[in-house]
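Each chain, letter by letter, is given below.
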Amino acid sequence: MLQMPMPDRAVLARRAEIVAALRRIVPGEGVIDTELERRVYESDGLTAYRTLPMVVVLPENTEQIVHILRYCSANGVKVVPRGAGTSLSGGALPLADGVLLGLGKFMRILEIDVPNRCVVVQPGVTNLGITHAVQDQGFYYAPDPSSQIACTIGGNVAENSGGVHCLKYGLTTNNVIGIEMVTMDGEIVRLGGKHLDSAGYDLLGVMVGSEGLLGIVTEVTVRILPKPPGARALLLGFPTIEGAGNAVAAIIGAGIIPGGMEMMDRLAVEAAEAFAHAGYPMDAEALLIVELDGCEAEVDHLVQAVEAIAAEHGATTCRTSRNEEERLLFWAGRKSAFPAVGRLSPDYYCMDGTIPRKRLGEVLARMKQMEGRYGLRVANVFHAGDGNLHPLILYDANNPGELERAEEFGNDILRLCVEVGGVLTGEHGVGVEKRDLMGTMFNEADLDQQQRLKCAFDPDSLLNPGKVFPQLCKCAELGRVHVHAGQVRFPDLPRF
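Here the residue numbers are simple positions, counted from 1 along each chain's written sequence. Whole-chain, interface and lining totals are the exception, using all residues; otherwise, since this is a predicted model, local features are given only for residues with pLDDT of at least 70 and side-chain atom pairs are given and counted only at 80 or more. Only hydrogens and water are set aside; all other atoms, that is, all heavy atoms of the structure, feed into the side-chain values.

**Student:** Tell me about the pairing of strand β9 (residues 188-192), and please be specific about residues and values.
**Tutor:** Bridging between strand β8 (residues 176-182) and β9 involves five bridges; their strand directions are antiparallel. By the bridge assignment for β9, G178 is matched with G192. Following β8, the chain reverses through five residues before pairing antiparallel with β9; G186 in that reversal takes a positive phi of roughly 90 degrees. Here, any two strands with at least 2 DSSP bridges between them count as paired. Put simply, DSSP marks the helices as runs of H or I at least four residues long and the strands as runs of E at least two long, and each gets a number from the N terminus on.

What follows is the structure in structure tokens.
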């Protein structure tokens, strides 16, 4: 039997010292150090990669986070922040020699401010929990990832999450107006607030989507929107994927911005229908779900316009939701598509890349050609309106070599996204999954400039190291920068 080598005495002693220090900061059950309990945290939603964290700490308040980070900074201890662990890019993958800092106890809604149309929450509040808290007053929180029942707002901030309604109402960055964060050296910084905009550097924009590399978010102020007076969803079935893709471009080109516009191919439709029984057309090669919202007169007009565009592009099915229950049922199939695909294969690899809308048909056709090359099937589910693809590569990890083929297949899909003018990620983040592909999109100078910003907040690279950057440069080599009291100071940079 193969046995793992035992850590030497020095390593064990250092770990014991770190655990003891954390227990002094977070008493009771807030420190998890047994192997069995740490197994719960060994991966995030990208379960192909697993690492047992050295220790897990679950603080209950901001003061404890301040002391944890001050201790880790002073003693050179790495820290990986974690929300609900739903990240699909390995963003919350722990380190064997690092502290995993979980924010699961930060679950309070601190303030509901309807006159200012905002809500102040702790990072452990779920995405859907915000809407539940304000829906009785006629409001909701717009970004709605498929995992919204479980994913937390802190994780949404880290990855700049989107969802089916991001086409019209924006991503997390468009709906977060303020945060409180703790830097790696234990300084509390507030960025933004209830006001519309802030002076100076857009550090709030920097933090949203920073994937836990710059600080620990301890409080978030989000914008809430009034619920539209009317909303209807259309199911549009097409005989070809190209036809559906062209219809997407035509709808946007006509000046219509739906509340949501999603596409699924035949394989995804079959899985979702068997799971949710949403009434999807089973003879369609591609399905569009288009939601139109606004006042009733506006919705009536837009429904007719979209139906006409769909007919021009060969739609064979056109159904409009007759009531709110049916509208939600149409979306239930789409939102359950990821788990539903589990019926088709023991494992699947969920990708995330964004392309120009007009290239949808071309990219999907080339992905179909790749299926034959790699011998693996793909179920496509994606945000058609903004070109954010989510190919699900089906494989069986029990078959030798299939995981590796799935990974390389995914890499080729992402390279294709960049080739046609797109980007590596739309909302899942880079994490460890896309880290080694960053060079396909950025040159060395680009990556160096990005790392200067990392150095401003974390000069010793202790916060979530090993993520995003394929090769981490030392801050001294890049030119030192630092942050103090919310102000970033850069060294003299070369002029171009």
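There's plenty left to go through after this.
**Student:** Now, about the sheet that holds strand β6 (residues 118-121): what can you tell me, with residues and values included?
**Tutor:** If you walk across this open sheet you meet the five strands as β5-β6-β10-β8-β9, and the pairing is antiparallel. Strands at the two margins of the open sheet, each flanked by one partner only, are β5 (109-113) and β9. Each adjacent strand pair in this sheet contributes to an overall mean axis angle of 10 degrees, direction not counted. Where β8 and strand β10 (residues 216-223) come together, six bridges link them in antiparallel fashion. Note on definitions: angles span 0 to 180 degrees between N-to-C directions of axes, and those axes are lines fitted to C-alpha atoms, for helices only across the stretch in contact.

**Student:** Give me the lowdown on helix α13 (residues 360-374), citing residues and values where you can.
**Tutor:** Between its first and last C-alpha, α13 extends 21 Å over 15 residues, near the 21 Å set by a 1.5 Å rise per residue. For the exposure calls, accessible area comes from a 1.4 Å probe over protein chains only, and a residue counts as buried if that area is under 20% of its type's maximum, exposed if over 50%, partly exposed in between. Listed as buried for α13 are L360, G361, V363, L364, M367, M370, E371 and Y374. In this structure, the buried residues of α13 make contact with α8 (241-253), β13 (260-265), β18 (378-383), β19 (388-389), β20 (391-395) and α14 (402-419). In the stretch just after α13, G375 is the one whose phi turns positive, near 70 degrees. What a helix should span is 1.5 Å times the count of its residues minus one. Throughout, a residue-residue contact means that at least one pair of heavy atoms, one from each residue, lies within 4.5 Å.

**Student:** Explain the environment of G422 to me, using residue names and the numbers behind them.
**Tutor:** By secondary structure assignment, the location of G422 is in the loop between α14 and α15 (444-457). Between the alpha carbons of G422 and I355 there is a distance of 4.0 Å; along the sequence they are 67 residues apart. Residues within four places of G422 in sequence aside, it is in contact with T354, I355, P356 and C417.

**Student:** How would you sum up the packing of aromatic side chains? Please name residues and give values.
**Tutor:** For Phe, Tyr and Trp, where Trp contributes only its six-membered ring, two rings pair if their centres lie within 6.5 Å, and the inter-plane angle classes them as stacked under 30 degrees, edge-to-face over 60, or tilted in between. Enumeration over the complete set of coordinates arrives at two aromatic pairs. Between Y140 and Y169 the ring centres are 6.4 Å apart and the planes differ by 85 degrees, which places this aromatic pair in the edge-to-face class. In this pair, Y140 sits in strand β7 (residues 139-140) while Y169 sits in helix α6 (residues 166-169), placing the two residues 29 residues apart along the sequence. Note on accessibility: Y140 and Y169 belong to one class, buried. Summarising the aromatic geometry, the rings of Y374 and F409 are spaced 5.0 Å apart at their centres and angled 10 degrees between planes, so their arrangement reads as stacked. Separated by 35 residues along the polypeptide, Y374 in helix α13 and F409 in helix α14 bring together distant segments of the chain. Classification of Y374 as buried rests on a relative accessible area of 13%.

**Student:** Account for the packing of α8 against α13, naming residues and giving values.
**Tutor:** Any two packed helices are characterised by how steeply their axes cross, that is the angle between the axes, and by the distance between the axes. One way to put it is that α8 packs onto α13 with a least axis distance of 8 Å and a crossing angle of 155 degrees. As summarised for this structure, α8 and α13 are arranged roughly antiparallel, according to the angle between their axes. The hand of the α8/α13 crossing is right-handed. Residue-level inspection shows I241, E242, G245 and V248 of α8 in contact with α13, the latter providing L360, G361, L364 and A365. When residues are sorted by character, Ala, Val, Leu, Ile, Met, Phe, Trp, Tyr, Cys and Pro go into the nonpolar class, Asp, Glu, Lys and Arg into the charged class, and all the rest, Gly among them, into the polar class. Here the contact of α8 with α13 is composed, by residue class, of five nonpolar, two polar and one charged. Here roughly perpendicular refers to angles of 65 to 115 degrees, roughly parallel to angles under 35, roughly antiparallel to angles over 145, and oblique to all remaining angles. Each crossing gets its hand from how the near helix is turned against the far one by less than a right angle, where anticlockwise is left-handed and clockwise is right-handed.

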